[in-house]
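Residues per chain, in single letters:
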Amino acid sequence: MRTEEDTPVAERLLLVESPADERALPALGQGLPQRAANEEALFLSYNYADVPVGRGFDCCFRRSDVRDVAWVTTTVVAVTQQFGVVQEVIPHGWKTLAVLRFEPESPALIRDLPEAAAWFDQPISVSISDRDTWQARATMERRNMS
């Protein structure tokens with residue numbers, strides 16, 4: 001178990017591999033709720049800490065360029081993994097299938113990702129974080145460019 005407080009601010013990222021396609025949901029998404037129009041079932045890579053359902057974030061940004069950012073409220077709605085067990089948290093170190101709510105709507109950064117049937121089908125290309133983490137990543141990127 002790793003808490004967010006035990007995680008450096010710059011590492012507090014949900015790492016998005018891809019949206020789940022219609023083959024993935026019956027096989028891997030058992031127990032997940034029906035999604036609203038502004039919700040997405042996403043394959044997430046290894047998680048940075050135990051992140052509870054209900055946790056909110058501020059933005060999505062392209063992993064390759066933090067300047068490509070969408071400021072959108074994102075909330076963890078539900079979480080499962082390959083055994084179909086619904087979780088109360090996105091567990092530290094696990095790959096999960098999670099339903100995330102985007103308000104007011106899913107940003108193009110998420111909508112434009114190719115769908116997949118399982119983890120590892122697509123590389124991590126989008127990160128989801130709060131403003132402080134985005135700022136820390138942007139500062140790191142600027143330093144690396146100088």
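Look up: the structure comes first, before these words.
The following refers to the structure shown. Model, not experiment: these values are computed from the prediction.

**Considerations on the pairing of strand S7 (residues 96-103)**
So, point 1. Most of S7 sits inside the fold, with six of its eight residues counted as buried.
So, point 2. Two elements, strand S2 (residues 39-44) and S7, share six bridges in a ladder whose sense is antiparallel. Directly across from Glu 39, in S7, lies its bridge partner Arg 101.
So, point 3. As paired strands, strand S5 (residues 65-80) and S7 are joined by seven bridges and run antiparallel to one another. When the bridges of S7 are listed, Thr 73 appears paired with Glu 103.

**Examining the sheet that holds strand S4 (residues 56-62)**
So, point 1. One closed barrel holds the six strands; their spatial order is S1-S2-S7-S5-S4-S8, and the pairing between them is antiparallel. When the angles between neighbouring strand axes are averaged without regard to direction, this sheet yields 50°.
So, point 2. As defined by bridge partners, S4 adjoins S5 across six bridges and the pair is classed as antiparallel. Along S5, the bridge assignment pairs Cys 60 with Ala 70.

**A closer look at the state of the cysteines**
Two cysteines whose sulfur atoms are joined by a covalent bond form what is called a disulfide.
So, point 1. Tallied over the entire structure, the rule returns zero disulfides.
So, point 2. Between Cys 59, a cysteine without a disulfide, and Cys 60, which holds the nearest cysteine sulfur, the sulfur-to-sulfur distance is 6.9 Å.
So, point 3. For Cys 59, a relative accessible area of 0% gives the class buried.
So, point 4. Residue classification places Cys 60 among the buried positions, given a relative accessible area of 0%.

Thresholds applied
Residues numbered from 1 in each chain as written. Predicted model: local features only at pLDDT ≥ 70, side-chain atom pairs only at ≥ 80, totals over all residues. Heavy atoms only, no water. Buried < 20%, exposed > 50% of the residue type's maximum accessible area, 1.4 Å probe, protein only. Helix = DSSP H or I, 4+ residues; strand = E, 2+ residues; numbered from the N terminus. Pairing = 2+ DSSP bridges. Axes fitted to C-alpha atoms, helices over the stretch in contact; angles between N-to-C directions. Disulfide = S-S within 2.5 Å.

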